[in-house]
Every structure is written in structure tokens, then in C-alpha cells.
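Geometric and topological summary
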There are 4 protein chains.
Amino acid sequence: MCRWFAYLSTTEPCLLEDVLILPDHAIAKQVHDRYLPHLFHYDPGTTQREISLRNSPFNLDGLGVIWYTDARAAFGECTGPRPVTYKMLRQPTADPIFQSLAAHTSAHCVFAHIRAASGATAITTYNNHPFTFGRHAFMHNGVVAHYDEIKRAMALELSDEAHVRVKGTTDSEMLAGLFFTYLEEKKGQNVWEDQHPLEEMKECLERAVAKVLQLQKEILGRAGRTPEASSLNIAITDGEQLLAIRFRNHDTEHPPSLYLSTRAGVALNRKFPGHPDLEGVDNGVQNLKGEDEHGDHVIIASEPTTFRKEDWELIPKNQCVMVGRDMVVRHAPVEVKLY
Amino acid sequence: MCRWFAYLSTTEPCLLEDVLILPDHAIAKQVHDRYLPHLFHYDPGTTQREISLRNSPFNLDGLGVIWYTDARAAFGECTGPRPVTYKMLRQPTADPIFQSLAAHTSAHCVFAHIRAASGATAITTYNNHPFTFGRHAFMHNGVVAHYDEIKRAMALELSDEAHVRVKGTTDSEMLAGLFFTYLEEKKGQNVWEDQHPLEEMKECLERAVAKVLQLQKEILGRAGRTPEASSLNIAITDGEQLLAIRFRNHDTEHPPSLYLSTRAGVALNRKFPGHPDLEGVDNGVQNLKGEDEHGDHVIIASEPTTFRKEDWELIPKNQCVMVGRDMVVRHAPVEVKLY
Amino acid sequence: MCRWFAYLSTTEPCLLEDVLILPDHAIAKQVHDRYLPHLFHYDPGTTQREISLRNSPFNLDGLGVIWYTDARAAFGECTGPRPVTYKMLRQPTADPIFQSLAAHTSAHCVFAHIRAASGATAITTYNNHPFTFGRHAFMHNGVVAHYDEIKRAMALELSDEAHVRVKGTTDSEMLAGLFFTYLEEKKGQNVWEDQHPLEEMKECLERAVAKVLQLQKEILGRAGRTPEASSLNIAITDGEQLLAIRFRNHDTEHPPSLYLSTRAGVALNRKFPGHPDLEGVDNGVQNLKGEDEHGDHVIIASEPTTFRKEDWELIPKNQCVMVGRDMVVRHAPVEVKLY
Amino acid sequence: MCRWFAYLSTTEPCLLEDVLILPDHAIAKQVHDRYLPHLFHYDPGTTQREISLRNSPFNLDGLGVIWYTDARAAFGECTGPRPVTYKMLRQPTADPIFQSLAAHTSAHCVFAHIRAASGATAITTYNNHPFTFGRHAFMHNGVVAHYDEIKRAMALELSDEAHVRVKGTTDSEMLAGLFFTYLEEKKGQNVWEDQHPLEEMKECLERAVAKVLQLQKEILGRAGRTPEASSLNIAITDGEQLLAIRFRNHDTEHPPSLYLSTRAGVALNRKFPGHPDLEGVDNGVQNLKGEDEHGDHVIIASEPTTFRKEDWELIPKNQCVMVGRDMVVRHAPVEVKLY
């Protein structure tokens, strides 16, 4: 099972090292470590099967990070931020390039993902999330059930433009292609470089999820089989807006963990006092700023990045979280018929 | 033989893609391509040996790039820019990570280097230049003659602080360690994070070069042998100042090529009109700026990055070029006794 | 354009280093070197377009090698040799692992391939040829024209068993999947681990090629377009038999070069005297064997590996070469309707 | 802390997959798993410090494997087996090349090592053990204490021939260089390709260890400091003989674990019945051989590779194990003055 982390703030950039590497439970360390507050109390009926769904301990199949910069906009190529990609297959804490990039780069929007390859999918940087489609980035934690059996049917659903942008071989990237196919259908050929209202993105994602469930039902149904449930914890951004869902099409089983915080960014920023989890970090000019001076921000992550439980809430099952350019967080149910 | 490229401007950032990848003769393409104006006319007595010294056609043993960011300064860790490192062993034009970083990153100071490993030195990213020592970066094109025979004597000259910072196994990084040992001797333990006057850096580099020549003479002399000449084309920066030398301790043979330009940056910046060498680049909002609005800048490179010969001058043999924070370029002879 | 090399002998193993690295024109050096005897005299009407088809000078996107061992047979897992795979993305001559493996490994069957990625296909080891399917190996030089437009239709043709074995994203591996689908249809579910008569393999390969041409015609025809020709130089082995074709579906244009030799293996084996192309090789105990003691063998390669032209013949356009366990070489036309 | 595994048998080759990958506690899985029978009962006075010395749980900094082949001997280059090297930096179970090599390669002598880099040493394949010096291979688990402070003094002790063969930057490879320097002093310039009596190798290894302890004492002594103890679990082979030590120069602290077995190879070989630890392995033609038909063999490893405790004995502290071409195992104390 993979893990992912998303940071967004229109006013307060974070240092990549502060959010991805230094915390005791940073994503770069989640390759062999779990921290899941609220979760086991959330549903007392948790089955052994479900615990194991959420607890495969290792994510050693590669890290991907994207962050947004204004460089191309400054050179007249576009308006608004665009994503830069760094991906690798090694242990993140043993990669001096990742450490150098993270130590010297700040950004208003950061997506990071560590992979535990499912099935026999190729382990290659092209299969590391996040996947970029023009100005948009997409990442996924979970599994599209029966992917081997439905992938050719999914591929046929994709528009030519979306299909040619799918470079790897994962269920996740194909699902992204399906989402962008529906978005392109609605918004036209500039879909890749334009921004879109969050509601429209939510509709297209729901349509893509529903199509996957329908194909599973159809294709397995022909052989008299019933599909297993799929876990689809997904985040999408254009660098200024964020949409995430925590989803599993099952009436009792839960999706993997997914947490939301609008406060943890303060503790994760060395400009600010009191970061209980950044032990060992010399933050130089201490108290550069007061805690209340920190800009509005949102973090959504598979596991909390700080140990202050009160800063994190578990996103309910089959909920969608939308964060606009005004940094207002809205919740809405994922509207997909489950069976 | 390696190749390197340095860009510095206190006012005009360049897009990495514009200087390192897109030009027809960008350093990312110098892995299998040569362009050496002025050079063969410079010295009609060029011997075959010398032509071959300057012409080993392939540089396939890895690329290194550093650029400076203000991120750590903004987070209270230091004052002034600090270097970020990206290094890899693959063909640069086949590396999607390098392409993504270069497309979305701009900087006021960029060093890039492609390596052709000499002798049997390990081919590993740790041996790719540039080497960073605190806020400073160092790169080299050429060879320290007889390095295998003098390296242990060189190592003994290094201060403990410099020695522990040498992570790889090249002649170049050991020479950098010697340079920083002398700078530390002169400037004290803050040498790594301070800026230093260019004259002092020149003195320390000359002292390091002289020490290498002396060790060669002593150690080979014991066996009745005469050392071969060394080629030392070196660039050093702290992100705001630049020092470079083109050096070979031989009375008729020349060092590898090294060129200087204070104009080519305009043609290499897509914000500006008329870049004859950027064919195929769509610079979007054309004529974003007028040619005379481009900031003062300096490029020093093993080979010209544009084909407008009049924009480039060959740096004379055994000369030092110093560029201060005021972007004024000064020339001075390298003061090392050659034999 | 890629390059490939195949060696087969039931009695005379070759040292990988002798055939892949040491010769002046070994495949490991064909990353930036061409040698094409007979070819330009073969067809005086060669057009500029065709010369460029055959001459893209660089193959820097990765090397793949398979060789066959009897280890699994010795441990009771199967009968007959099985393929081992080594693939990497670096310059072959700068990879110490490849050099170590090649220096210490001999085999009766070796396939090697260097890649120049076509189009925007991912550069990853999974896309390096040869591709293995059970005991069989498959490699390709050339391009399936219009692959982006026909790949989903091709995927639908594949059997589930073949489809799940396609791990990468190239036209070549999908074509291999199509060939094995037809072979599976004919030979049943043990197709992967069984040996098959060369005639049956030829039929299935012809059927796969014909299907590709038909899909191109159908899919482009819907838009009123005419497909370009495809180049399909393909080799297939089970470790004891070899089938190769040199094919282009065009009445005047030619496929890439492809040569056959039944003598060059002597010069490429250090046990034997007189290897004109192995300068610099110390073959230790000289004249270990006499030239006529060398076992029957066949080499098929994109370019000759030795410079003794008389040892190599150009395989005619649209011909198939079949080599059985008796090492007898048979030629037959590729029977595919071209338009 | 690293882990290593050594297999030697003059008569019974092992399949690499059987010994390195398939067992539940194979070295490829020891990146995040510990199994230490006998050890905690061995010394009831085990301190917390010592437990942590032996228990750093992760070895993620790279795998190295060497195995011996007769290929070069068959091609007249030498007599006797020579080592092939495979090294990489990724998670072993996620590397398809390693899996392919291991599935199809058998050998009479195999060394394997997983690394947990100590200090700030570069993480590069050149620093992965085993290190080869001509026909010999050398690997180490533990740390040369104070290496940064003594390494230049160690380097000065090396012969030119040994020094030039040290390609990486680890304490372990420098110690190997010192061992071979003393062996060269005793046996002359053919040291690299000759076999040597185990007693002579033991003497040279003891001399190298003693020199390290002396340099630590001298160099730290100048500053009034007392050296910490060093752990030196070392294995050396020429493909037909094996020498190993389990050593720590401390009167109460113990070296890392090191086990010996002369029986476990049967359970690790799929030709033989009853391999309790190879669950999930289909060994095809079952009962290919009877248990007593297995050849004499020796395994020495940081941790047992099977869970049959009775097949493994813990090598006592500061003992040397020597295995000759006759497969007789001899024990002798390591004769080095400890303080």
C-alpha cells in the first residue's frame, strides 16, 4: 500500500525538507513506519482483513515528488504555477539528490508519494506517482481491483489525447487518464493548461470512479464473478486548488487512512516557534515569526506528519475534500453508486 | 575530457532549460559534439597530440548541475544564496527528471559539467562535478597528471575539515580540498559559509596548483622521472562571485578550450527577441523585453553555447578571470611558477 | 533506430566479452558508431530519406542482454536452457557490472540489443529488449508505424495470458505479445515453456505482422489516411533455435540493415588464432585450438561485429532466416501481403 | 550495520535464488528483519549499548553479490574460478535483474552482502561489498572505529599496487587494501592471481588488524584520547578456500553475530527433500536426490538463513574459521594484541 502527502497554501511556502524529510514521521520515513491515530477507534468492528489492508508495512518501490514553480510563467510561457517532477527508486533517506533538492527548495504546493507496487506492475520511475497532465498532478493510494482484467476496456474509454499522456503501466495512471478524458469532454482541448472549478473536477472524478466500478461488474459478471472492492484515495491539484477523496466501494470495509490538517503546517515550518516534532533541527534565527503569522494552508496525508493528534482529523469514508484558491475547505460526499 | 558551463548574473536569472538543453550546442549535447571557434586559428603550431588532448569526443560519464536558491536564507538558516545539486549518470537528453527540473527552474547562478572519466576512476554521481563545499561550488576540466602517484601526498596536505568534505575519488575534488585547506588557513573556520574576496581566492588556488606541481616534481623526481603537464580549467563560485582559470603548465601545449561571453545570455533567454540558436523554441509572449533590458551577466564555458562567434572570446592560456558582485570582469595572469 | 546482435551454437559457447564488448565494432560501441558493408552498394536508388532511416547515429537509451543457462534444468525445474536478463540505461562501456558479467560468462545463445527510443516512449529498463516470454526471447529493430493510433486495437487482440506478460510500453513488446497469442492459439497453454517447430513460429510471426498492417490500414483508413511503412527486423529464440526476419512493407524502401555470418564466431573467440579485430586482447594460452575445430554457429546482427566483410552477408529484404538445433540455416520469404 | 552470507562447496553448487532470495530469512530480506538464535543466551551480561550495536534494523544502502565461474579458465585466461560481481543500490526484492540472475545462476562459491552505510560514507555501488582484488573477494560487517581520523595514515601503509585497486571510500575496502599489501609483501607481485595457504592469509589479516589498532592508538593518543573498539567480521575467499573472523577488540563487548553451518545447504537446495524454510517453492521433480548425497559445504553468515537452529553454531568471539579445498573446517583464535 502506498502513502501520500499534499501541502497547499497560496500565501505560505513550505521548505520541502521541513515537510518531507525532517519530521519524525515524514513521508520519506514511512517506507518502514506506520502512525495511524483516530483510525482504530473509528470503527470498532475492524476486521483482521481490513487491518492488513491498511498495514502492509513497506513502501520501498520508489518516491515521487512534485512542487510548483512560477519559472515558466516568468519566462512568458504560461500564466500560473507549473509542476516540477522528481522521482527515484532508491531509499529516500539514502539519496543525496533528493536531500539537496528538499533542503533548498520552497513551494506553495507540494505533492509527495511513496509506492508499494501492487501485483506485478513494473517498478520504474514512470510508475511512481504523482502523475502530471499539463498543469495538473494526480496521485493515488489504494488499488483498482481486478485491474489486469479491466485495463484494456478502460484504455478504450480514454480520449486519444489522454491516452497518449499515460506513460506508465499502473492502474492509478489509467484512472487519471479516465478522469482527464471526462474533463476534456466537458472543458475542451485546453483542459491540460486551464484551471477548472472544483465541482466540475469532482463530477469528472465521480464519473471515472463509477465507470471503473461498472467495468468491473460487467467484465467479471460475464464469468459469474463478483468484483472485490477498490480503494481510491486520490488527490488532484493544479498548484492552486486541491481536491481529494477517501473512497472504498464496500459497506463495511474502510479505505486506507487519510487525514486533514489546517494547523500542522506551523509546526512543520522552521520560521515559526515550537515545532515539537522537529527535534534536532537548528532553526537558526529562532522565532523569526509568531505562530499566528503563518498563512492559511491545508495538508492532506495518508498519515499525520506531526505527532500532535489534535491537529489532524481523519477524513470520513467516501468523502471529498475541496480546497479553493481562497483556502476555504469544503467537504462533500463522493456521489458514486457503490454496487 | 570533460566540458563545463557557468552562468552568473546578479540581476537576470536564466531558465536552466534555455542555457543547458535547448541551444543546438548546449552542454547537454556536448556528450558527442564539439564546437571550438577561434581555437585552431589561435595557435598555428598546434600539434596532433594537442588536438587529441582537446578532442576526445565523448563525455558520457555523467552530468552534474548546481544552481543557487534563496530558500534557506528565507527560512532563516543563512544569508545569501546556497547551491542545490542534481547529478546523474545517464544520457542527459534521456533523463526526464533533468528535463523537468530544467524546464521549471530559473537561477542567477548555474554551474553545469559533463564528465569523461579519466583513468580508472569510479563512475559514480559522487565523482560528477561540481563539488560543493558549504556555499561554494568547484568544477574542473582537465587532468592532474600522475594523480595515482601523488594522491596520498595531496591528501596529507588537506586540513581535517577539508578532507572530511571530500566524498569522491577524483583528482579534481582532491584539488578542491587543497584549495579550501589554504582558504581555511587564511580565513578561519567559517570559510565554508562566508564569502571571500576574489584576490584571496586566486592566491589560494595558485598555492594549491603550485603544491600539485611541486608534489609531482618531488615524487616523480625520486624515480628520475619528469612529470607531464597538467590541464587545470577550473571555476569556483559562491553564487554571487565567480573565479575561473584556463591553465596548463607547459610552454607550448595549451589547456583545453575556455570561452568568455558577456553578451550571449540575451540569445539564451527566451524573454528576449532574436535568439538565432533557439530554433524550435516557442517563446510564447514574444518580445517580452527589449534586448538592451537584459541584465549584466557573464558566461564562461568550455565551448560556446551559441553559434554567434562574435559574442565569445577565447580566454588566453594561464589567465584568471574574476567576476565580482558588481559584475565587472577582471583578467589577471595565473601566478604559478611552471617548472 | 536500435541495433541488435544474436549468437547461437549448440556446441561452441562464446564468452560474452568476446562478442559484445571487445571487437572494435561490438554492439556496446554501436551507441555512436556505424558500419554497414554491402548495404549502400546493394541498392543504388537509395533515397536520402532511406539513408536517414538507417543512420540515426545514437543508441543511448539502454542496453539489454539475455543469455541462456542450464542452471534451472540442473535443479529439476525444467528441461533445456532458460534465459537470464541483464538490462540497464547507462552507457555500456561505463557500467562495471555489465563488464564483470560479460568477462566471466559464456553461453551457447546470446541476444543483445541497444535502444534508441522512438517517439515519446518511456526510457526504462522494462522497455529495453530482448523481452522474455517463458523460455523464449524476442527483440526488434525498427518501428511499428502509427503505434500510438493502433496500440489499443492491438492490445484487444492479445490473449489474457500474453497480455499480462507484456510489462513495458513499446510497440515491439506488444508485437511480441501478438506473436505469442497466435502461437498459444496453435500450441496451447504450454506454449511458454515448450519448444516449437520453426515453421510454426514463422507462420505465427507472419500472422502477427499481417494483423498489424491490417489494423494500420483499417484505423488510418477511417480518417482517409494511408499508413506509412513499418520496419520489422525481428529475432526470436528458445535458446536452441533461432528465427529472424528483415522486413519492411514498402516496394522500394528497405528495412534496416541485417547481416548473417556462419564464420565470424571464430574471430570472435579468443580460444582460436587470428582474430584481426580483437587488437589489444591478450588471449593468454595462444592457439588453444585450431580454426577448424570451432563448432557450427550462426550470428545475425544489425551490423557486422568484425571487419572481415567476406564473413558477412546482407540478409535480403523481406527474408526469413531459420536456424534449427542441427545448426542448418534455411532461408524463406516472409509471406505477408504488403498492401 | 551490514549483514553478509558466504557459501562454499567444491562439489555441490547452489542456485543463487535458493540461498539468497527464497528462504524466509534470506539475506535479500535482512534489509528489515533480524534473526539471532543463540546470541542473547550466549552472554547474559549483554548491555543495552551492545544490543543496539547488533540491532540497527535496516540495511538499505545496497546489495553486492559475487559468485565464481570457470568461464575465463575455459577460455585460456587463467586457471581456476574467478569472481563475477553484481551490485546495486535498490531494494533487492524490487530488482528484476537481481532476481533473473539469481534464478538462473548456480555456483560453488557465493558471497553476498547488504550494506547499512556507517557515518557519511558515499552510498554508491563502488562502496558495496564484496570487494574483489584479482581472484580474491573480501567483505566486512562492522566498523573500523575512528576511520575518518586514521584513513590517511592507513592509505600511506598500502603498497602502490594495493592502493590503486581501492576504488571506493569505505573503511572496509581500505582494510582489504592493507591485508593485500601484507600478502603482496610476503608472496610477491603475483599475489592477485595466485592461491595462498590459509595460514599465511590469517597472518596477514592479523597484521592488518593489528596495524589498524596501533594507528588508532597512536593518532588518538596524541590528543589524549582512547580509541573505541572496532568490530571486524570479515570473510575472504579465492573461490576455493574461505577464511572468516568474528572479532571485536574489547574485553566485554561482542562483535556482531556470525554463524557457521555445514548442514544448512541441504535445506537450501531444491534438489533435496525436506526444506522446511522454502515454503511456496515448487521444486518440480521432487526428491531429485537423497539428503545424504549432498556434497560437503560450508556456510558462514551474519544470521542463519534457515530456521533449524540446530544446523547453526555461533562462531565464538575473536575466532578465525578456515576452510580448505578439502572442505575441512579449522578453528583458531585471532592472534592480535587487543590493547
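What counts, and at which threshold
- Residues numbered from 1 in each chain as written.
- Chains lettered and ligands numbered in written order.
- Predicted model: local features only at pLDDT ≥ 70, side-chain atom pairs only at ≥ 80, totals over all residues.
- Heavy atoms only, no water.
- Helix = DSSP H or I, 4+ residues; strand = E, 2+ residues; numbered from the N terminus.
- Buried < 20%, exposed > 50% of the residue type's maximum accessible area, 1.4 Å probe, protein only.
- Contact = heavy atoms within 4.5 Å.
- Areas by Shrake-Rupley, 256 points an atom, 1.4 Å probe, with all protein chains shown as cover.
- Pairing = 2+ DSSP bridges.
- Axes fitted to C-alpha atoms, helices over the stretch in contact; angles between N-to-C directions.
- Phe/Tyr/Trp six-rings, centres within 6.5 Å; stacked < 30°, edge-to-face > 60°.
- Least-squares fit on C-alpha atoms with pLDDT ≥ 70 in both.
- Parallel < 35°, antiparallel > 145°, perpendicular 65-115°, else oblique.
- Left-handed = near helix turned anticlockwise from the far one by under 90°.
- Nonpolar A, V, L, I, M, F, W, Y, C, P; charged D, E, K, R; others polar.
- Buried area = accessible area lost by both parts, 1.4 Å probe.
- Salt bridge = Lys/Arg side-chain N within 4 Å of Asp/Glu carboxyl O.
- Polar contact = N/O pair within 3.5 Å; in protein donor to acceptor, adjacent residues only side chain to side chain.

**Topic: the overall build of chain A**
A tally of regular secondary structure across chain A gives 10 helices and 15 strands. In chain A, buried positions account for 65% of the 339 residues. Contacts in chain A between residues far apart in sequence, at least 24 positions, make up 73% of those at least 6 positions apart. Carbon and sulfur atoms make up 50% of the accessible area of chain A, which totals about 11700 Å².

**Brief notes about the sheet that holds strand β10 (residues 242-246) of chain B**
Paired through backbone hydrogen bonds, the strands of a sheet run either parallel or antiparallel to each other. All names here are of chain B. The strand order across the open sheet built from 6 strands is β7-β8-β9-β10-β14-β15, with neighbouring strands paired in antiparallel fashion. Strands with a single pairing partner mark the edges of an open sheet, and in this sheet they are β7 (131-133) and β15 (329-333). Neighbour-to-neighbour, the strand axes of this sheet turn through a mean angle of 20°, independent of strand direction. Strands in contact with helix α8 (residues 171-187) are β7, β8 (136-143) and β9 (231-237); relative to β8, the strand with the most contacts, it is inclined by about 130°.

**Let's talk about the sheet that holds strand β14 (residues 319-323) of chain D**
Residues and elements named next belong to chain D. What the 6 strands build is an open sheet, ordered β7-β8-β9-β10-β14-β15; its pairing is antiparallel. Since the sheet does not close on itself, it has two edges, and those belong to β7 (131-133) and β15 (329-333), each with one partner. Looking at each pair of strands side by side, their axes are set apart by 20° on average, direction ignored. Where β7 meets strand β8 (residues 136-143), 3 bridges bridge the pair, whose relative direction is antiparallel. Across the sheet, the residue bridging to F131 is F138, located in β8. Across the sheet, helix α8 (residues 171-187) lies against β7, β8 and β9 (231-237), angled at about 130° from β8, the strand it touches most.

**Let's talk about the packing of aromatic side chains**
The final tally for this structure, using the stated rule, is 24 aromatic pairs over all chains. Measuring from ring centre to ring centre gives 4.6 Å for F133 of chain C and F180 of chain C, while their planes differ by 20°; the resulting arrangement is stacked. With F133 of chain C in strand β7 (residues 131-133) and F180 of chain C in helix α8 (residues 171-187), this pair connects stretches of sequence that are 47 residues apart. An identical accessibility class is assigned to F133 of chain C and F180 of chain C; each is buried. Their ring planes at 40° and their centres at 6.4 Å tell us that F138 of chain D and F179 of chain D sit as a pair that is tilted.

**Considerations on the relation of the copies chain B and chain A**
After a rotation of 180° and a shift along the axis of 0.0 Å, chain B superposes on chain A with an RMSD of 0.0 Å. Put plainly, the chains are arranged around a two-fold axis. Comparing interface residues between copies, 100% of those in chain B also sit at the interface in chain A, which points to an isologous, same-surface contact.

**Regarding the packing of helix α6 (residues 147-157) of chain D against α8 of chain D**
All names here are of chain D. Packing of α6 against α8 leaves a shortest axis separation of 10 Å and a crossing angle of 25°. The angle between the axes of α6 and α8 places the two elements in the roughly parallel class. Once α6 is placed against α8, the crossing between them reads as left-handed. Here Y147, K151, M154, A155 and E157 of α6 lie close against α8, whose contacting residues are D171, M174, L175, L178, T181 and Y182. The class makeup of the residues in the contact of α6 with α8 is 7 nonpolar, 1 polar and 3 charged.

**Some details on the interface of chain B and chain A**
Listed as interface residues are 36 residues of chain B and, on the opposing side, 36 residues of chain A. When chain B packs against chain A, close to 2700 Å² is buried across both sides, 61% of that on carbon and sulfur atoms. Ranking the residues of chain B by area buried against chain A places R72, F75 and H104 of chain B at the top, with a combined share of 29%. The tally of links between chain B and chain A comes to 4 salt bridges. With a shortest N-O distance of 2.7 Å, R270 of chain A and E77 of chain B are connected by a salt bridge. Counting across the interface, chain B meets chain A through 12 residue pairs in polar contact (both at pLDDT 80 or more). At the level of elements, β2 (14-15), α1 (16-20), β3 (63-69), α4 (71-74), β4 (82-88) and α5 (96-103) of chain B are the ones that each hand at least two residues to the side of chain B that touches chain A. Looking at the side of chain B that touches chain A element by element, the count peaks at 6 residues for β4 of chain B. Of the residues that constitute the side of chain B that touches chain A, the class distribution is 17 nonpolar, 10 polar and 9 charged.

**Here we look at the pairing of strand β8 (residues 136-143) of chain A**
Residues and elements named next belong to chain A. When you tally the buried positions in β8, you get 7 out of 8 residues, the bulk of the element. Across 7 bridges, β8 lies against strand β9 (residues 231-237) in antiparallel orientation. Each residue of the ladder has a partner; that of F138, found in β9, is I236.

**So, the pattern of salt bridges**
Summed over the entire model, instances satisfying the criterion amount to 84 salt bridges over all chains. Two residues, E157 of chain A and K211 of chain A, come together in a salt bridge whose shortest N-O distance is 3.7 Å. Of the two residues, E157 of chain A is situated in helix α6 (residues 147-157) and K211 of chain A in helix α9 (residues 198-221); the sequence distance between them amounts to 54 residues. With relative accessibility at 15%, the residue K211 of chain A sits in the buried group. Of the charged contacts in the structure, one is a salt bridge between R248 of chain C and E253 of chain C, with a shortest N-O distance of 2.7 Å.

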